[in-house]
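# Commentary on secondary and tertiary structure
Read off the chains here:
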Amino acid sequence: MAMIKDVLLLILWCLIKVKLLNAFTFKQSLINISISLSALVLSVLGTFSQVQPPKVNYQEVYFDTLTNDFDGYKIAQISDLHMGPVLRRYYLNEIVAQINSNKPDLIVLTGDTIDAPFDIRRDDFDPMAMLNSKDGVLAVTGEHDYYNDYKQWHQFFSQMGIRYLCNESVIIKRGIGTIKITGIPDSYGATVSLDEAPNLLFANFNIIDYDYKKEHVSFGQTQSNRFMNKGLFDYDVMMLNFKKVQRAITEAWSMTIYENNRRNTMKFAHESSFADIQILLAHNPNITKNHDLNAELVLSGHTHGGVMFFLKPIVAYFNNGLVSGLYSLDNLRQIFISNGAGIWSAFSCRIFVPAQIDIIVLKKGKAPTKNIIQASTSSQQNA
């Protein structure tokens with residue numbers, strides 16, 4: 001290689017000497033070539049890095065109110081998977097294997113899981129049935145989840161034991177300890193159905209029964225039920241209608257209290273669950289602008305970590321200063337934003353912003369100051 005370089009430099013020197021190539025023109029050409037080559041290298045690097053399975057990112061989050069029973073509790077977060085034209089079944093297989101090897105206590109999907117029609121890409125999601133944790137899999141929607149057959153996708157995932165939280169909360173217990181997991185749909189859901197409109201106030205009140213062992217169905221049985229057990233679907237329809245009525249009554253009641261005394265209502269909603277901490281699953285970090293936000297930890301995605309290192313300031317501008325990692329909103333509330341485990345197929349390139357699977361480890365005590373980023377002043381004012 002050194003000889004080839006020397007030969008090329010000798011040829012260029014000769015061309016300049018015999019005035020077949022102007023020195024100034026050569027310098028300009030060299031700059032243009034350098035820029036072009038840099039763009040080419042970054043493009044190849046960005047595309048190549050995206051199709052590589054995401055690495056595992058470990059993040060400790062500290063709480064003074066956490067009991068010893070939940071100290072070390074592990075939550076695996078998958079965000080912005082965007083399974084579709086680019087990312088296929090092989091990619092999801094790797095993610096599932098990495099998550100299961102970490103033996104999480106709970107798995108959460110924080111939106112934009114799907115980017116393809118149900119009939120075309122259904123089989124690519126079969127590995128989801130192999131996700132394994134003590135307290136199951138909880139999920140919320142992102143805007144992309146509504147673009148393609150969202151009702152069919154939700155039913156498909158629910159048959160695997162994945163529970164979508166639509167303005168709902170569940171209680172998870174360990175010994176004397178309790179945590180409350182609340183989930184709200186993405187705001188885009190309001191454009192497809194009023195039932196999918198986010199309502200954080202109602203979600204705090206709407207505590208539903210959740211038992212992962214009862215909800216989980218083996219995927220083999222799920223496949224046969226899909227085609228053979230019509231009674232299962234009839235029962236589901238009946239229960240769905242019942243829940244809609246129940247939800248409407250509860251919402252009307254909660255909104256009446258809300259109008260009378262909003263702050264006391266929020267305090268009661270939080271304390272009524274007897275939870276040591278509340279964790280909110282919300283796809284878009286702009287949820288921090290909501291004045292009714294009282295969760296100690298928010299798990300979000302949406303930003304893809306900025307996608308490319310030089311785009312982070314722009315992404316931060318449009319997302320309340322929040323891009324990637326753990327931020328402190330105030331003395332009590334924190335938000336963690338995942339880079340995402342996948343990438344949008346229409347912009348499938350990452351440059352020095354790797355895809356990641358996040359293992360959130362709950363810890364009792366005070367956080368080291370270097371462990372979190374202070375949110376911007378505007379974020380704190382809006383929160």
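Sequence order as written defines residue numbering, which begins from 1 separately in each chain. Local features are withheld for residues below a pLDDT of 70 in this predicted model, meaning they are given only at 70 or higher, and side-chain atom pairs are given and counted only at 80 or more; totals for whole chains, interfaces and linings count all residues. Note that the side-chain values use all heavy atoms of the structure and ignore hydrogens as well as water.

### Overview of the pairing of strand β8 (residues 277–281)
The two faces of the sheet receive side chains in turn, since in a regular strand these alternate between them. Rules: Think of it in three bands: with a 1.4 Å probe and only protein chains considered, a residue is buried below 20% of the maximum accessible area for its type, exposed above 50%, and partly exposed in between. Strands here are runs of E lasting at least two residues and helices are runs of H or I lasting at least four, both read from the DSSP assignment and numbered beginning at the N terminus. Strand pairing is assigned whenever DSSP identifies at least 2 bridges connecting the two strands.
In terms of burial, β8 is a largely internal element, five of the five residues being buried. Burial along β8 is two-sided: I277, I279 and L281 facing one way and Q278 and L280 facing the other are all buried. Bridging between strand β7 (residues 177–183) and β8 involves five bridges; their strand directions are parallel. Following the sheet pairing, I181 is matched in β8 by I279. Direction of pairing for β8 relative to strand β9 (residues 297–300): parallel, over a ladder of three bridges. Note on β9: the bridge partner recorded for I279 is L297.

### Some remarks on helix α5 (residues 150–159)
Listed as buried for α5 are Y150, W153, H154, F156, F157 and Q159. Immediately beyond the C-terminal end of α5, within one or two residues, lies G161, with a positive phi of roughly 95°.

### Some thoughts on the sheet that holds strand β4 (residues 137–140)
This is how it is decided: For helices, the fitted line uses only the C-alpha atoms of the stretch in contact; every axis is such a line through C-alpha atoms, and the angle between N-to-C directions lies from 0 to 180 degrees.
The sheet built from six strands is open, its strands ordered β1-β12-β2-β3-β4-β5 with mixed pairing. Two strands bound the open sheet, and with one partner strand each, they are β1 (55–63) and β5 (162–164). Direction aside, the axes of adjacent strands within the sheet are offset by 25° on average.

### Regarding a nonpolar patch on the surface
Quick reminder of the rule: To count toward a patch, a residue needs a relative accessible area above 30% and no salt bridge. Like charges then connect within 9 Å, nonpolar side chains (Val, Leu, Ile, Met, Phe, Trp, Tyr) within 5 Å. For the accessible areas, the method is Shrake-Rupley and the probe is 1.4 Å, while residue cover comes only from the protein chains on display. Counted as salt bridges are all cases of a side-chain nitrogen of Lys or Arg within 4 Å of a carboxyl oxygen of Asp or Glu.
Together, Y147, Y188 and V192 give the surface a local cluster of nonpolar side chains, amounting to about 260 Å² of exposed area. Among the secondary structure elements, V192 is positioned in the loop between β7 and α6 (200–205).

### Regarding the nonpolar core
Just so we agree on the cut-off: Each nonpolar core is a collection of buried residues, namely Ala, Val, Leu, Ile, Met, Phe, Trp, Tyr and Cys, held together in the definition by side-chain atoms within 4.5 Å. Two residues form a contact once any of their heavy atoms are found within 4.5 Å.
Among the nonpolar cores identified, the biggest contains 31 residues, and L81, I95, I99, F125, M128, F157 and I162 are the most heavily contacted of them. Sorting the residues of this core by element identifies β2 (74–78), α3 (89–101), β3 (106–110), β4, α5, β5 and β12 (356–364) as the ones contributing at least two each. With sequence-adjacent residues up to four places away left out, I95 is seen in contact with P54, I78, L81, A341 and I357. Core analysis: the next-biggest nonpolar cluster, separate from the first, contains 26 residues, Y73, I75, L165 and L297 among them.

### A closer look at the packing of aromatic side chains
The following threshold applies: Two aromatic rings, drawn from Phe, Tyr or Trp (for Trp, its six-membered ring), form a pair once their centres lie within 6.5 Å of each other, and the interplanar angle then sorts them: stacked below 30 degrees, edge-to-face above 60, tilted otherwise.
Tallied over the full model, the rule gives 14 aromatic pairs. The interplanar angle of 75° and the centroid separation of 5.6 Å between the aromatic rings of F118 and F156 together place this pair among those described as edge-to-face. Of this pair, F118 sits in helix α4 (residues 118–121) while F156 sits in helix α5, and the two are 38 residues apart along the sequence. Considered together, F118 and F156 belong to a single accessibility category, that of buried residues. For the ring pair W153 and F157, a centre distance of 5.8 Å and an interplane angle of 20° mean the geometry is stacked. Residue W153 and its partner F157 are both found in helix α5; the two are separated by four residues, about one turn of the helix. Just as W153 is buried, F157 falls in that class too.

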